[in-house]
Number of protein chains: 4
Amino acid sequence: MKIYNVCVIGATGTVGQMFVKLLENHPWFKLTRLFASRDSAFQTYQSAMQNKWRQTTPIPAEFAQIEVEVIDKNFVKGDLNIVFSALDSSVAEDIEPYLAALGLAVFSNAAAYRNHQHVPIIIPEINPHHFEAIRSQEFDPSNKGFIVTNPNCTLQAAALPLFPLLKLGAIDKVIVTSMQALSGAGYPGVPSLDIIGNVIPYIAQNEESKIADELHKIFGVFDKKTKVFDDYGFSVSASCNRVPVLNGHTLSVNFSICNDTPIELFEIDIIDLWENFTPDLGLPSAQKPVIYMKESNRPQPLLDQMAGNGMTVSIGNLRRCNVLDWKFTSLLNNTVRGAAGGSMLNAELWVQKFDQ
Amino acid sequence: MKIYNVCVIGATGTVGQMFVKLLENHPWFKLTRLFASRDSAFQTYQSAMQNKWRQTTPIPAEFAQIEVEVIDKNFVKGDLNIVFSALDSSVAEDIEPYLAALGLAVFSNAAAYRNHQHVPIIIPEINPHHFEAIRSQEFDPSNKGFIVTNPNCTLQAAALPLFPLLKLGAIDKVIVTSMQALSGAGYPGVPSLDIIGNVIPYIAQNEESKIADELHKIFGVFDKKTKVFDDYGFSVSASCNRVPVLNGHTLSVNFSICNDTPIELFEIDIIDLWENFTPDLGLPSAQKPVIYMKESNRPQPLLDQMAGNGMTVSIGNLRRCNVLDWKFTSLLNNTVRGAAGGSMLNAELWVQKFDQ
Amino acid sequence: MKIYNVCVIGATGTVGQMFVKLLENHPWFKLTRLFASRDSAFQTYQSAMQNKWRQTTPIPAEFAQIEVEVIDKNFVKGDLNIVFSALDSSVAEDIEPYLAALGLAVFSNAAAYRNHQHVPIIIPEINPHHFEAIRSQEFDPSNKGFIVTNPNCTLQAAALPLFPLLKLGAIDKVIVTSMQALSGAGYPGVPSLDIIGNVIPYIAQNEESKIADELHKIFGVFDKKTKVFDDYGFSVSASCNRVPVLNGHTLSVNFSICNDTPIELFEIDIIDLWENFTPDLGLPSAQKPVIYMKESNRPQPLLDQMAGNGMTVSIGNLRRCNVLDWKFTSLLNNTVRGAAGGSMLNAELWVQKFDQ
Amino acid sequence: MKIYNVCVIGATGTVGQMFVKLLENHPWFKLTRLFASRDSAFQTYQSAMQNKWRQTTPIPAEFAQIEVEVIDKNFVKGDLNIVFSALDSSVAEDIEPYLAALGLAVFSNAAAYRNHQHVPIIIPEINPHHFEAIRSQEFDPSNKGFIVTNPNCTLQAAALPLFPLLKLGAIDKVIVTSMQALSGAGYPGVPSLDIIGNVIPYIAQNEESKIADELHKIFGVFDKKTKVFDDYGFSVSASCNRVPVLNGHTLSVNFSICNDTPIELFEIDIIDLWENFTPDLGLPSAQKPVIYMKESNRPQPLLDQMAGNGMTVSIGNLRRCNVLDWKFTSLLNNTVRGAAGGSMLNAELWVQKFDQ
């Protein structure tokens, strides 16, 4: 199989580190270059990460000696095929189209282009056909380069459990309340004085609306004729909180299904759909997308964040809701599946299905 | 004014300590006796609390030398008027009716009798008229002794903010997601290995249904003729989580109002109702029941639990909900307003309004 | 008594807030002006502190409407008498001598001038006579303005317990290992990702040597003839660690005393010295400097930081050391006694004893 | 190579779980039986561990269906060769000699027999020759069964770094101050209300003296003629604290060496000894015993506990001490190297060197 040369831009931050970690021994991708801001550039990755590498395993030896380059418009494409972007949105906005214009496949964790009319937000198990949208992108006149994004981390803890339930009928109402981990805020992120022994009922401007908007887009359809995303028509309301957890976003989800059939729905029907939700993606990073835990006090971020190497959403506590129809708890590893792992899976999907 | 002799039963636990603390310098109540299990009895309170007193101020000097008595059926009433019960429900079930039968006014934080058809669950600002129910109690044939309870701590963070909004119309749907503090589990309570850096999506068997059931009762009417509580007819769904916070329960609340008038409701209309919610109870422990905080990242348990000496529910983040009508965050001091302080206020209300 | 007009410079940070809080209702000092960097200036203190005030009680109403001024060399003295400095050392280095030159009494929490040969580091119960040194300062030719500092917070948890033991003989060796709170790092300070569930064996460049150097100076003598500080001749070694505690530095202290008398020393002899260490300072902020706790698991920062309104060092666990002579645990409220409260006490001492 | 049949007694607790985890895929040991108290017995291990298994990886599939047996004196030896004991000392005291009497090799993490005159406390890299002592044990008249212990977890973070320094001269003074993790207290262990945001300057009765006593024994010599342990003659003083860390004990260590040579010692001399401390044990669980980290803020429990799969002590911050000669920070994984992993290594050593 063809090996793709990949780089990570924004390689020194929390998400950038996770990209580097996930690329160790990757069967399809060869990490050859690393980019960061001027502060970290012109030295080896090992040296740039002195006191910044915050993983419990060391920097992969194969990457430690790569010299970090500055990310700017003097970028030379060389033999690169794929860019993984861990940039802040404000920087991504300027740089990502520039890289796409060079003919590069840009897989971005940044929010900058998620609302763009021709940029898809992909979760491979849910909306792989949204890749179609990249043909309408105008970043690269030759139509080789493009931008594909993965969604806001939090919503994936709702999206992956809800998707297989569409077999039961349309989902029309979703209320999520999140308890989000600190790693989601990057580094240095939340000051310890603010959060030890505390809850902060606020994440960032637009976090709550982003969750609703992106869910609408992801569950929607890309209309091949009009080249436009047609949003899925449910009502979504998110309330977001920060809690003193290092990694792993926990969600409390309430939802309603329009079940047109006269057959009453039981808990086991929903749990069966989760257990049978086993799309055969055949991708190196793919895992079972969701698992259901029977213990009444699970999932928990401390114990369950590494389910499926961090790619699996753990679900628990399914029970009837007196207001909407059902409620459950879910847990997402926000740095793996919710960030770098999500983009990795998107890139793998593109390589396998769409790159001819 | 008459001074009432009071005792605390279950005086060594988390809630018992708070009763003792709140009774220091109380203008109406004189704490004369303290009761606990056999382990702690037959010694002074000071000595019994060695390594157990977990308040940041010392044991009130006036109570330190009281000799702790065993709580059992050899209880001698003496000149006591009022009992504050901080017992576990399993113990309360047996003892509280016995004390009521002795002619004592029992103000209980235990859940044992909250579902009893003639035992009211009182929040003085909301349903003081439920005191009427005690006349139908059969614990004391002479009808002097009775049991009055305060509600489950968590629901008060929803009940106090929602009550003044009834002026706008009936509330018909409420979804609450709680992030509850460790002090709510008593001592030793939650093991540190379970909760540091973690969230547990479970509190206790029936915690979620208790919140719904008790809200229905509190917002309902006590029918003087039939002597029965008539539940308030809204749908309530609670999802309860434990977070690594020492004290202070945070709630995310979504709700709908049946607003029959054609006038559109704005945020300021709701905030005005909260700011104008100033019942003049004239009780020593009474404070403004709710305050609204304008900062987008408040309330927070670490900073706001002591609002109104712990008797005020702090509210913030009022915003429209795409599924129900509105949503907000609220914070309750679960050991003060949510437990001992709630019972204290009930006893003060009884003394002022109902004890003739 | 004469009322002194005081200002706080660096009023928006962690220590600045504590100065403001401690000046509420102060009997001798009237806070009339507040200074900060350009970011916070030209608005009321209330407005400048939006989302920055991190105390559990609100901004004192009397100070909320003071307009914050820029701290720079356009400083106009007006009717000010005293300056409390909560500046970072790098800023203090430039500004404090300038203010002293204007004839102001500068009481500084900054480290910038602690090593200056004529600037004393004062702990009122230990070395009040070091005030003598200010006469040799050359900041203000008229000799009215001066700089007086309080020490590094951590060392006070060793200095105050060790000082009364000098009655037993010379202390010749001290080893301290600190477990320091997050508030000591200011705000935003330590990132939460670094410290939740963790220990960091590092505070700052020179933290450990500062502790030794300042202890030598404080326990030393100011020679009136040579105008030079003569260091106390003991060996001091500090090892400093950051722990996930919000406020309150805990120290493990080992020490040796040169006890020349043939009488064997018992624990009770040392504890008696601590209990009888009651200097009658007669100052508004003065409290018993140390207390000894008999419980074997005390002091603890969560429970004991507010002893003596945060001005008292709590000591516990005195026991023999197999290597040096004795060891104990001590706890200091690093934001009160260790910072703003220490400077406050110094200013009160100057007003009472030295300002004629 | 011969495969040894092993069992774990006390298999459901914190240390017991770690034994089970470490025995997965062990090349020499086959875990065939699991023992616990009556509460957990008579069901599969999977079922007994419902809500008790607190590892981030699942119960090894090969052990999940083993039926848990009661640990008592009806114990049938069967084809067992080795017992790993994770019992509490009070239970171990009675049971371990009984099992040794059956001819079993008992490798115990319990403290019950560490002071016994013929029971060695083994750290394979330090005192393997202490195995000699088991020949003097009288538990089993046939002299096949015996008890070997691993030491108190905390002291190993001092013992392993100090041992290679003996090449420089005798170590004569050691002061350690510990910051110990919560997993060291077992489960449920320390209540969360006691430790979140707090430090407790107390571990357990005798924790500090155990560290000194066991260090003396381990560094000492077993006299083959007198059959007695001859303690190493240094002075050791330990001060022990509990901190809110899940796993990993951090130590601050000060020590003196009697260096008789006239050559001055530099930091690099000590670091070299640590880097060259590579005993070739040839055991499956053996790793480099210590590593030195150059970053000034390391080691940290959150980042470094898994060094060498949890078998390596991480050292940092070596610097001169003004009171003793040197000081450093060290970190031990208290559940792996400090408990189950330590016993595992002892058993492997016995199999390889002493079982003929």
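Residues numbered from 1 in each chain as written. Chains lettered and ligands numbered in written order. Predicted model: local features only at pLDDT ≥ 70, side-chain atom pairs only at ≥ 80, totals over all residues. Heavy atoms only, no water.

Undergrad: I would appreciate a short explanation of the interface of chain C and chain D in the present structure.
TA: Accessible area lost upon the coming together of the parts serves often as the stated size of an interface. Each partner contributes to the interface: chain C provides 43 residues, whereas chain D provides 43 residues. Carbon and sulfur atoms make up 57% of the surface buried where chain C meets chain D, a total of about 3,300 Å² over both sides. Here chain C is connected to chain D by 4 salt bridges. Viewed at the interface, chain D and chain C are joined by 19 residue pairs in polar contact (both at pLDDT 80 or more). Within the residue set of the side of chain C that touches chain D, elements represented by two or more residues are strand 7 (170-180), helix 6 (192-195), strand 10 (235-242), strand 11 (249-258), helix 9 (301-304), strand 13 (313-320) and strand 14 (326-332) of chain C. Examining the composition of the side of chain C that touches chain D, we find that 6 residues originate from one element, strand 10 of chain C, more than from any other. Tallied by class, the residues present in the side of chain C that touches chain D amount to 21 nonpolar, 16 polar and 6 charged. (Contact = heavy atoms within 4.5 Å. Buried area = accessible area lost by both parts, 1.4 Å probe. Salt bridge = Lys/Arg side-chain N within 4 Å of Asp/Glu carboxyl O. Polar contact = N/O pair within 3.5 Å; in protein donor to acceptor, adjacent residues only side chain to side chain. Helix = DSSP H or I, 4+ residues; strand = E, 2+ residues; numbered from the N terminus. Nonpolar A, V, L, I, M, F, W, Y, C, P; charged D, E, K, R; others polar.)

Undergrad: Would you explain the relation of the copies chain C and chain D in this entry?
TA: For the pair of chain copies, the relating transformation is a rotation about an axis with a translation along it. Laying chain C over chain D is done by rotating through 180° and shifting 0.0 Å along the axis; what remains is an RMSD of 0.0 Å. What we have between these two chains is a two-fold relation. By residue overlap, the copies meet face to face through one surface: 100% of the interface positions of chain C are interface positions in chain D. (Least-squares fit on C-alpha atoms with pLDDT ≥ 70 in both.)

Undergrad: Whenever I open this one, helix 8 (residues 267-275) of chain C confuses me. Can you help?
TA: Residue pairs spaced three or four apart in an α-helix point in one direction, given the helix's 3.6 residues per turn. Residues and elements named next belong to chain C. Residues of helix 8 that are buried include every one of Ile270, Ile271, Leu273 and Trp274, and no others. The buried residues of helix 8 occupy an angular sector of 155° when the element is viewed end-on, so they sit on one face. Contact partners of the buried residues in helix 8: helix 5 (153-162), strand 12 (290-292), strand 13 and strand 14. (Buried < 20%, exposed > 50% of the residue type's maximum accessible area, 1.4 Å probe, protein only. Arc of directions from axis to C-beta.)

Undergrad: Please explain unusual backbone geometry as it appears in this structure.
TA: Most peptide bonds adopt trans geometry, and most residues besides glycine take a negative phi value. Note that the residue after Tyr187(B), namely Pro188(B), is joined by a cis bond; omega there is 5°. Within the secondary structure, Pro188(B) sits in the loop between strand 7 (170-180) and helix 6 (192-195). One non-glycine residue, Asn206(C), lies in the positive phi region at around 75°.

Undergrad: Would you explain the pairing of strand 1 (residues 4-9) of chain D in this entry?
TA: Two faces make up the sheet, and in a regular strand the side chains alternate between them. Residue and element names in this part refer to chain D. Burial runs high along strand 1: 6 of the 6 residues are buried. Residue alternation in strand 1 divides its side chains into two sets, Tyr4, Val6 and Val8 and Asn5, Cys7 and Ile9, and both sets are buried. Inspection of the sheet shows strand 1 paired to strand 2 (residues 29-36) by 6 bridges, in the parallel sense. Residue pairing for strand 2: Ile9 is matched across the bridge by Phe35. (Pairing = 2+ DSSP bridges.)

Undergrad: Is there a simple way to explain the relation of the copies chain A and chain B in this structure?
TA: If you rotate chain A by 180° and push it 0.0 Å along the axis, it lands on chain B with an RMSD of 0.0 Å. Taken as a fraction of all interface residues of chain A, those also at the interface in chain B reach 100%, which identifies the copy contact as same-surface.

Undergrad: For this particular structure, what's the right way to read the pattern of salt bridges?
TA: The tally for this structure, following the rule as stated, stands at 40 salt bridges over all chains. Put simply, Asp94(A) and Lys73(A) hold a salt bridge, and the shortest N to O gap is 3.4 Å. Taken together, the residues Asp94(A) in helix 4 (residues 89-101) and Lys73(A) in the loop between strand 3 (69-70) and strand 4 (82-85) connect sequence positions 21 residues apart. By relative accessible area, which is 47% here, Asp94(A) ends up partly exposed. Ionic contacts of the salt-bridge type, sharing partners, join the residues Glu208(A), Arg319(B) and Lys327(B) into one network.

Undergrad: Help me understand the nonpolar core in this model?
TA: Considering soluble globular proteins, one finds that nonpolar side chains tend to be buried as a cluster. All names here are of chain B. Grouped together as the largest cluster of nonpolar side chains are 47 residues, with contacts concentrated most on Phe29, Ile82, Phe84 and Phe107. The element contributing the most residues to this core is helix 10 (residues 336-354), with 9 residues. Beyond its immediate stretch of four places on either side in the chain, Phe84 contacts Val6, Cys7, Val8, Ile9, Phe19, Leu23, Phe29, Phe107, Ser343, Met344 and Ala347. (Core = buried A, V, L, I, M, F, W, Y, C linked by side-chain atoms within 4.5 Å.)

Undergrad: Is there a simple way to explain the confidence of the model for chain A in this structure?
TA: The predicted coordinates ought not to be read in detail in places where the model reports low pLDDT. Mean pLDDT over chain A stands at 95; residues scoring 70 or higher make up 99%. The ipTM value of the predicted complex is 0.95, and its pTM value is 0.96. (pLDDT = per-residue confidence, 0-100.)

Undergrad: Sorry, what's going on with the packing of helix 5 (residues 153-162) of chain A against helix 7 (residues 207-219) of chain A here?
TA: To characterise two packed helices, one gives the angle between the axes of the helices and the distance between these axes. All names here are of chain A. Packing of helix 5 against helix 7 brings their axes to within 9 Å, and their N-to-C directions diverge by 35°. Judged by the twist between their axes, the crossing of helix 5 over helix 7 is right-handed. For the pair helix 5 and helix 7, the contacting residues are Thr154, Leu155, Ala159 and Leu162 in the first and Glu207, Lys210, Ile211, Glu214, Leu215, Ile218 and Phe219 in the second. Residues of the contact of helix 5 with helix 7, tallied by class, amount to 7 nonpolar, 1 polar and 3 charged. (Axes fitted to C-alpha atoms, helices over the stretch in contact; angles between N-to-C directions. Left-handed = near helix turned anticlockwise from the far one by under 90°.)

Undergrad: I'm lost on the side chain of Arg298(C) in this one. Help?
TA: Relative to the helices and strands, Arg298(C) is located in the loop between strand 12 and helix 9. According to the relative accessible area criterion, Arg298(C) is buried, its value standing at 12%. A distance of 2.8 Å separates the side chain of Arg298(C) from the side chain of Asp304(C), its partner in a polar contact. In this structure Arg298(C) touches Met293(C), Leu303(C), Asp304(C), Gly316(C), Asn317(C) and Pro201(D), once residues within four positions along its chain are discounted.

Undergrad: Help me out: how do you make sense of the packing of aromatic side chains in this one?
TA: Aromatic rings considered in pairs are described by the distance between their centres and by the relative angle of their planes. Scanning the entire structure with this criterion turns up 84 aromatic pairs over all chains. Three or more aromatic residues link up through ring pairs in this structure, and these residues are Tyr4(A), Phe19(A), Phe29(A), Phe84(A), Phe107(A), Phe146(A) and Trp350(A). Arg33(C) extends its terminal NZ or CZ atom over the ring of Phe75(C), reaching a point 5.5 Å from the ring centre. (Phe/Tyr/Trp six-rings, centres within 6.5 Å; stacked < 30°, edge-to-face > 60°. Lys NZ or Arg CZ within 6 Å of the ring centre and 35° of its normal.)

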